[in-house]
Amino acid sequence: MSNVQRSTFIDTHCHLDGEEFAEDRDAVVQRAREAGCRAIFLPAIDVKSCHTVLDVCMQYPDYCYPMLGLHPEEVRADWRDQLAVIKTLLPRLLEGGRGGCIGEVGLDYYWSREFEKEQLEAFEEQVRWAVELQLPLMIHCRKAQNEMVAIIKKYAKDLVGGVFHCFTGNEQEARQLLEFPQFVLGIGGVLTFKKSHLPETLAAVVPLNRIVLETDAPYMAPVPMRGQRNESAFIRHVITRLAEAYGVSEEEICRQTNENVQKVFGIQI
């Protein structure tokens, strides 16, 4: 266990700015550090959270890194107004080589297709931001992979890369995403769920140099923490399951995923 504890990891997707952490954010960060988490990336979902993400990242400089964007589930009739405000904040991502990112953006038709057209337009606009600023993308996609891929293909040669957040798909879907060589798959707590097919899928078709770790905290806590509020320290359970799936050490999982993060986000952590 001592060797495992010495290895460090990075949480590429944690809503640490959320109300769920308002009472004990410092303690959550402290537990993350003690568990070996060396950095946390915070995605915004709307105008309000763009501000809270930036505020939290200022509280924990060189540890928390911001992402700014409009989440597909937050796309409503006023999406153009929201994007106009968020765009004014984008220069904050470029300050001091902070490793910023456009996110969490994408498409989500899981619950409803009411704003399908608006989601497509909002996503494509934010993809153009990523091209213009040469920043990576944090992409959320549910029940819309073909539509998402079609948009990414239009800009693929000009994008620096990014993360396909919360990948839970099958081998065919994994292969389709791996066709974008500058992108990686975000893997979190679902990997540890009893009925998850992810361990087999990843080991079969996804090289370790195409994976990054994430929590999506406070959501989707891994087994044996399932049902609790998720937090960055819990990634240790994901690392253990990944090591089992790939037949390598937990230290190797940490080393390779850290390297992947630094490549995708273009920063040394």
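Look up: the structure comes first, before these words.
Caption draft 1: Main features of unusual backbone geometry. Cis geometry is found at the peptide bond from Gly103 to Glu104, where omega equals 10 degrees. Along the polypeptide, Glu104 turns up in strand S4 (residues 101-108). For the bond running from Val223 to Pro224, omega is 10 degrees, close enough to zero to count as cis. Mapped onto the fold, Pro224 is located in the loop between strand S8 (211-213) and helix H9 (235-246). One non-glycine residue, Cys166, lies in the positive phi region at around 55 degrees. Within the element layout of this structure, Cys166 appears in the loop between strand S6 (162-164) and helix H7 (171-178). A relative accessible area of 21% places Cys166 in the partly exposed class.

Caption draft 2: Region of interest: the sheet that holds strand S2 (residues 37-43). The 8 strands are arranged S1-S2-S3-S4-S5-S6-S7-S8 in an open sheet whose pairing can be described as parallel. Only two strands of the sheet have a single partner each, and these edge strands are strand S1 (9-11) and S8. Averaged over all adjacent pairs, the angle separating strand axes in this sheet is 30 degrees, with direction ignored. In this fold helix H5 (residues 116-133) packs onto S4 and strand S5 (137-142), with an angle of close to 155 degrees to the strand it touches most, S4.

Caption draft 3: Representation of the packing of aromatic side chains. The final tally for this structure, using the stated rule, is 6 aromatic pairs. Ring centres 4.3 Å apart and planes at 35 degrees place the aromatic pair Phe41 and Phe265 in the tilted group. With Phe41 in strand S2 and Phe265 in helix H10 (residues 250-265), this residue pair connects regions lying 224 residues apart in the sequence. The residues Phe41 and Phe265 share a single accessibility class, namely buried. Ring centres of Phe180 and Phe183 lie 6.3 Å apart, and the angle between their planes is 70 degrees; this geometry places the pair in the edge-to-face category. Members of the aromatic cluster, connected to one another through ring pairs, are Phe41, Tyr65 and Phe265. Between the NZ or CZ atom of Arg33 and the centre of the ring of Tyr63, over which it lies, the distance is 4.0 Å. For Arg226, the ring lying beneath its charged end belongs to Phe193, and the centroid distance is 3.6 Å.

Caption draft 4: Up close: the nonpolar core. Among the nonpolar cores identified, the biggest contains 81 residues, and Leu16, Leu137, Ile152 and Leu202 are the most heavily contacted of them. Sequence-distant contacts of Leu202, that is, excluding residues within four places in its chain, are made with Phe167, Ile187, Leu191, Ile211, Leu242 and Tyr246.

Caption draft 5: Seen up close, the side chain of Gln262. Relative to the helices and strands, Gln262 is located in helix H10. Judged by its relative accessible area of 14%, Gln262 falls in the buried class. Ignoring any residue separated from it by four or fewer positions in sequence, one finds Gln262 in contact with Arg38, Ile267, Gln268 and Ile269.

Caption draft 6: Local environment of the pattern of salt bridges. Considering all chains together, one arrives at 19 salt bridges under this definition. The shortest N-O distance in the salt bridge between Arg142 and Asp108 comes to 2.9 Å. Of the two residues, Arg142 sits in strand S5 while Asp108 sits in strand S4, which places them 34 residues apart along the sequence. Where Arg128 meets Glu124, a salt bridge forms, and the shortest distance between an N and an O atom there is 3.7 Å. Residue Arg128 and its partner Glu124 are both found in helix H5; the two are separated by 4 residues, about one turn of the helix. Here Arg128 falls in the partly exposed class, since its relative accessible area comes to 36%.

Caption draft 7: Summary view of the packing of helix H8 (residues 198-205) against H9. Here H8 crosses H9 at 50 degrees, and the two axes come no closer than 9 Å. Between H8 and H9, the interaxial angle falls into the category oblique. Between H8 and H9 lies a crossing of right-handed hand. Where H8 abuts H9, its residues Pro199, Glu200, Leu202 and Ala203 lie against Arg241, Leu242, Ala245 and Tyr246. Residues of the contact of H8 with H9, tallied by class, amount to 6 nonpolar, no polar and 2 charged.

Caption draft 8: Region of the structure containing the layout of surface pockets. By volume, the largest pocket amounts to about 1,100 Å³. If you trace the largest pocket, you find 40 residues lining it, with His71, Glu104, His140, His165 and Asp216 closest to the centre. Listing elements by their share of the lining of the largest pocket, those giving two or more residues are helix H3 (47-59), S4, S5, helix H6 (145-155) and H7. At 4 residues, S5 tops the list of elements feeding residues into the lining of the largest pocket.

Parameters at a glance
Along each chain, residues carry numbers from 1 onward, in the same order as the chain's sequence is written. The model is predicted, so local features are restricted to residues of pLDDT at least 70 and side-chain atom pairs to those at 80 or more, both for listing and for counting; the totals for chains, interfaces and linings are taken over all residues. In computing side-chain properties, one takes all heavy atoms of the structure into account and sets aside hydrogens as well as water. A run of H or I in DSSP counts as a helix once it spans at least four residues, and a run of E counts as a strand once it spans at least two, with each numbered from the N terminus. Working definition: with a 1.4 Å probe on protein chains only, accessible area under 20% of the residue-type maximum means buried, over 50% means exposed, and in between means partly exposed. When DSSP finds two or more bridges between a pair of strands, those strands are recorded as paired. Inter-axis angles, ranging from 0 to 180 degrees, are taken between N-to-C directions of lines fitted to C-alpha atoms, where helices are fitted over the stretch in contact. Any two residues having at least one pair of non-hydrogen atoms within 4.5 Å are treated as being in contact. Centre distance within 6.5 Å is the pairing criterion for rings of Phe, Tyr and Trp, where only the six-membered ring of Trp is used; planes under 30 degrees apart are then read as stacked, over 60 as edge-to-face, and the remainder as tilted. Lysine and arginine charges are scored as sitting over a ring when NZ or CZ, respectively, is within 6 Å of the ring centre and within 35 degrees of the ring normal. The criterion is simple. A nonpolar core is a set of buried Ala, Val, Leu, Ile, Met, Phe, Trp, Tyr and Cys residues joined through side-chain atoms within 4.5 Å. We define a salt bridge as a contact between a side-chain nitrogen of Lys or Arg and a carboxyl oxygen of Asp or Glu at a distance within 4 Å. Angular relationships are summarised with four words: roughly parallel below 35 degrees, roughly antiparallel beyond 145, roughly perpendicular across 65 to 115, and oblique for the angles in between. Crossings are sorted by hand: turned counterclockwise from the far helix by less than a right angle, the near helix makes the crossing left-handed, and turned clockwise it makes it right-handed. Gly is placed with the polar residues, together with every amino acid not listed as nonpolar (Ala, Val, Leu, Ile, Met, Phe, Trp, Tyr, Cys and Pro) or charged (Asp, Glu, Lys and Arg). Computed over the protein atoms alone on a 1 Å grid, cavities are sets of points where a 1.4 Å probe fits but cannot get out and pockets are open sets with protein on both sides within 12 Å along at least five of seven lines; a residue lines them when it has an atom within 4 Å of a point. Grid points are joined across faces, edges and corners, and a volume is the space filled by probe spheres set on the points.

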